[in-house]
Amino acid sequence: MRHFSERWTTLKLVTMKSLFILGLSACLSASLGHAANSTIYNPIFPGFYPDPSCIFVPEWDDTFFCASSSFNAFPGIPIHASKDLQNWKLIGHVLNRKEQLPRLAETNRSTSGIWAPTIRFHDDTFWLVTTLVDDDRPQADFTRWDNIIFKGKDPYDPASWSNAIHFNLTGYDPEPFWDVDGKAYINAAHAWQVGPYIEQAEVNLDTGEVGEWNVIWNGTGGLAPEGPHIYHKDGWYYLLAAEGGTGVNHMVTMARSKNVSGPYESYVNNPVLSNANTSSLFQTVGHADLFHDGNGNWWGVALSTRSGPEYIHYPMGRETIMTAVSWPEGEYPVWTPISGEVSGWPLPPAARDIKGVGPFVNHPTPEILTFSNDTALPAHITHWRYPNPSSFTISPPEKPNTLRINPSNINLTALNGNYAGPGGQSFISRRQQDTLFTFSVDLDFSPTAIEEEAGVSAFLTQNHHLDIGIVLLPPSASTATLLPGQPAGQEEEALIPQIRFRGESYVPVPKPIIAPVPKAWRDGKLRLEIKAANRTHYSFSVGPAGRQSLMQTLLYASNEPVSWGFTGVLLGVYATNNGRNGTTPAYVSNWQYLPQGQFRD
């Protein structure tokens, strides 16, 4: 599921296979032919929604449900629903209470947390099977892999989802499968550096008790066979998997057998889907799932990054894309190649009457949060691991219509860029979902102790983020000025509020910039802004709230430092005392996210 070392590897797909895929896609286009009257606009879930798994459930008003991985983000395992494959609504999260899985608070490393889930519906129950991974531990260490089952009767009700049921597996990417005789199985990827293969065991999904694990397929020879799904169709068991790692060599491969436990014979024309060795904007295509609609037409979902083959600028990370699939009787499915616009089967009639409290994820609209006293935080608001509930107060009595954020002792990098400890980080965010956008807030913050800080961040992980904030520092810390005639360092006070930019990444980031808050601005709220200036750069700006003409851009910074790994950029607000003793809260108001453009080619 998750191997980005291939960013530097040279594993290549055979060009003839790529040409074969193109040939098959031409046949698919012809088969869609007269009936094709729809266009799918990718990604269907823009932003940090990787590793999709989708199902069609006629028993629930002919609704489609999709789950995504969430790593260290909380709430975790988002679920989107649609009745028409056009309007996808965030209806909730499987992992929505700390008591369901307390250990998420303890994960060490930014690539840890909830890896790829599989969602299925069986016996009037929704089943969600996934892995909580401690990515800092060796692959052969069975404690690295905490494989878990959630079940629920009503996906629209967060309380419906059970606490985690644990089962033993030295591996990841598990899925449940029920055979025609009623037996239940778990199919999963073994720890690939130990043994690169797909394995299977019988399971009691109510208790987590598993039988003996058996190897059922070794893949086609690509790196890290993983993300298995089995489909029973036309007397065959079709096994789908991802190979090549989750970078530019990612691909979807298949095999089949007459028996659920194999042996599985690889398809001679693998891979069935990949954008490797193409110039497409959509790269890293893989980790797929198949489902059909009410008319029997097949569709496929997968993850992809809008990085182009250069694989440098992709701050929204791994997103969910969809394509049309033709699956003739007794044959392998044929996938339409991935692009920004895909011709597909006729879609169900447009319908937006979907329950749930979240937004429609693929129809961007301006977001303005006022934090009035009769509101709760929207469903798409995201933290990094479990938050400290006492750190966030909507419309506190001393400053109504604001969000009060008490500072955490750790900042966004936390203890070492990987571990955050049990106290939580005072960080609240939402996903970047558009190539071009403006994110801004009004900040009412009067720090009284050195290194008290509050600001906004383009946050990918603890070791990949770009921040602009207000921090109390000595005048001598200044390195720049915002307004003419205000020399750096000429202040009477021992400590003054300063505007500070700093970044953290595995690639070079701009040097820190520290500039005194102009004296004329110090008695009021400040407006902090992060904007996508283009596909490759952000601008970071500050000014007095309500005075747009006075906004000053502190710098432009490449988004390469936050284009990495498994997740995608979160845009949000933080408050910290940077490991000291300060307790001054920050008050946030007029939170705005303004979509301004989506690039698909």
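Residues numbered from 1 in each chain as written. Predicted model: local features only at pLDDT ≥ 70, side-chain atom pairs only at ≥ 80, totals over all residues. Heavy atoms only, no water.

Overview of the overall build of the protein chain
For step 1, the next point in the chain: Scanning the protein chain from terminus to terminus reveals one helix and 40 strands.
For step 2, the next point in the chain: Relative to the 2.2 N^0.38 estimate, which gives 25 Å for 601 residues, the radius of gyration of the protein chain is 24 Å and therefore close to what a compact globule would have.
For step 3, the next point in the chain: Seen through its principal axes, the protein chain has C-alpha atoms that stretch 80 × 45 × 45 Å.
For step 4, the next point in the chain: The buried share among the 601 residues of the protein chain stands at 62%.
For step 5, the next point in the chain: Restricting to contacts in the protein chain with at least 6 residues of sequence separation, those with at least 24 account for 64%. (Helix = DSSP H or I, 4+ residues; strand = E, 2+ residues; numbered from the N terminus. Rg over C-alpha atoms; globule rule 2.2 N^0.38 Å. Buried < 20%, exposed > 50% of the residue type's maximum accessible area, 1.4 Å probe, protein only. Contact = heavy atoms within 4.5 Å.)

Things to note about the sheet that holds strand β18 (residues 236–243)
Pairing between the strands of a sheet comes from backbone hydrogen bonds, and it takes one of two forms, parallel or antiparallel.
For step 1, the next point in the chain: Taken in spatial order, the four strands make up an open sheet running β17-β18-β19-β20, and their pairing is antiparallel. Where the open sheet ends on each side, the last strands, each with one partner, are β17 (226–233) and β20 (265–266).
For step 2, the next point in the chain: One ladder, built from seven bridges, connects β18 with strand β19 (residues 251–257); its direction is antiparallel. Directly across from L240, in β19, lies its bridge partner M254. (Pairing = 2+ DSSP bridges.)

Re the sheet that holds strand β6 (residues 89–95)
For step 1, the next point in the chain: Across the sheet, four strands lie side by side as β2-β3-β5-β6; this open sheet has antiparallel pairing. The outermost strands of the open sheet, each flanked by one partner alone, are β2 (53–57) and β6. The average undirected angle you get between the axes of adjacent strands in this sheet is 25 degrees. (Axes fitted to C-alpha atoms, helices over the stretch in contact; angles between N-to-C directions.)

A look at the pairing of strand β8 (residues 118–122)
For step 1, the next point in the chain: As defined by bridge partners, β8 adjoins strand β9 (residues 125–133) across five bridges and the pair is classed as antiparallel. Paired with F121 across the strands is F126, a residue of β9.

Quick look at the confidence of the model for the protein chain
For step 1, the next point in the chain: Residue-level pLDDT values for the protein chain average 93, and 93% of them are 70 or greater.
For step 2, the next point in the chain: Counted against residues more than four places away or in other chains, residues 1–27, with its pLDDT under 50, gives 76 contacts. (pLDDT = per-residue confidence, 0-100.)

With respect to unusual backbone geometry
What you tend to see is this: most non-glycine residues have negative phi, and most peptide bonds are trans.
For step 1, the next point in the chain: That bond from F74 to P75 is cis: its omega, 0 degrees, falls within 30 degrees of zero.
For step 2, the next point in the chain: The residue P75 is located in the loop between β4 (73–74) and β5 (76–82) in this model.
For step 3, the next point in the chain: At the junction of G262 and P263, the peptide bond is cis and its omega measures out at 10 degrees in the coordinates.
For step 4, the next point in the chain: Position of P263 among the secondary structure elements: in the loop between β19 and β20.
For step 5, the next point in the chain: Phi at F71 takes a positive value of approximately 55 degrees, unusual for a residue other than glycine.
For step 6, the next point in the chain: Its location among the elements puts F71 in the loop between β3 (63–67) and β4.
For step 7, the next point in the chain: A positive phi angle is found at E451, which is not glycine, with a value near 70 degrees.

Some remarks on the pairing of β19
For step 1, the next point in the chain: Counting buried residues along β19, seven of its seven residues qualify, which places the element largely inside the surrounding structure.
For step 2, the next point in the chain: Neither face of β19 is left uncovered, since the one carrying M251, T253, A255 and S257 and the one carrying V252, M254 and R256 both have all their residues buried.
For step 3, the next point in the chain: The pairing of β19 with β20 spans two bridges and is antiparallel. Looking at the pairing, R256 lines up with E265 of β20.

Concerning the nonpolar core
For step 1, the next point in the chain: Membership of the largest hydrophobic core comes to 47 residues, with the highest contact counts inside it found for F439, Y538, F540, V573, V588 and W591.
For step 2, the next point in the chain: When residues in this core are grouped by element, the largest group, five residues, is from strand β31 (residues 436–444).
For step 3, the next point in the chain: If you look at the next biggest cluster of nonpolar residues, it comprises 30 residues, including W115, F177, Y185 and I198. (Core = buried A, V, L, I, M, F, W, Y, C linked by side-chain atoms within 4.5 Å.)

Some words on the packing of aromatic side chains
For step 1, the next point in the chain: Using the criterion set out here, one finds 32 aromatic pairs in the structure.
For step 2, the next point in the chain: Ring plane angle 55 degrees and centroid distance 6.3 Å describe the contact between W127 and W178, whose orientation is recorded as tilted. Remark: W178 occurs in strand β12 (residues 171–178) and W127 occurs in strand β9; sequence separation between them is 51 residues. W178 matches W127 in its accessibility class, with the two residues each being buried. (Phe/Tyr/Trp six-rings, centres within 6.5 Å; stacked < 30°, edge-to-face > 60°.)

Here's the deal with the state of the cysteines
For step 1, the next point in the chain: The full count for this structure, using the stated rule, is one disulfide.
For step 2, the next point in the chain: Shown here is the disulfide that connects C54 with C66, its sulfur atoms set 2.0 Å apart. Since a negative S-S torsion denotes a left-handed disulfide, the C54-C66 link at about 110 degrees is right-handed. Taken together, the residues span a long stretch of sequence, with C54 in strand β2 and C66 in strand β3 at a distance of 12 residues. (Disulfide = S-S within 2.5 Å.)

Things to note about the side chain of D135
For step 1, the next point in the chain: Among the structural elements, D135 can be located in the loop between β9 and β10 (145–152).
For step 2, the next point in the chain: According to the relative accessible area criterion, D135 is buried, its value standing at 11%.
For step 3, the next point in the chain: Side chain to side chain, D135 and R144 meet in a polar contact 2.4 Å long.
For step 4, the next point in the chain: Those residues in contact with D135, other than ones at most four positions away along the chain, are N108, R109, T111, S112, W115, R144 and F566. (Polar contact = N/O pair within 3.5 Å; in protein donor to acceptor, adjacent residues only side chain to side chain.)

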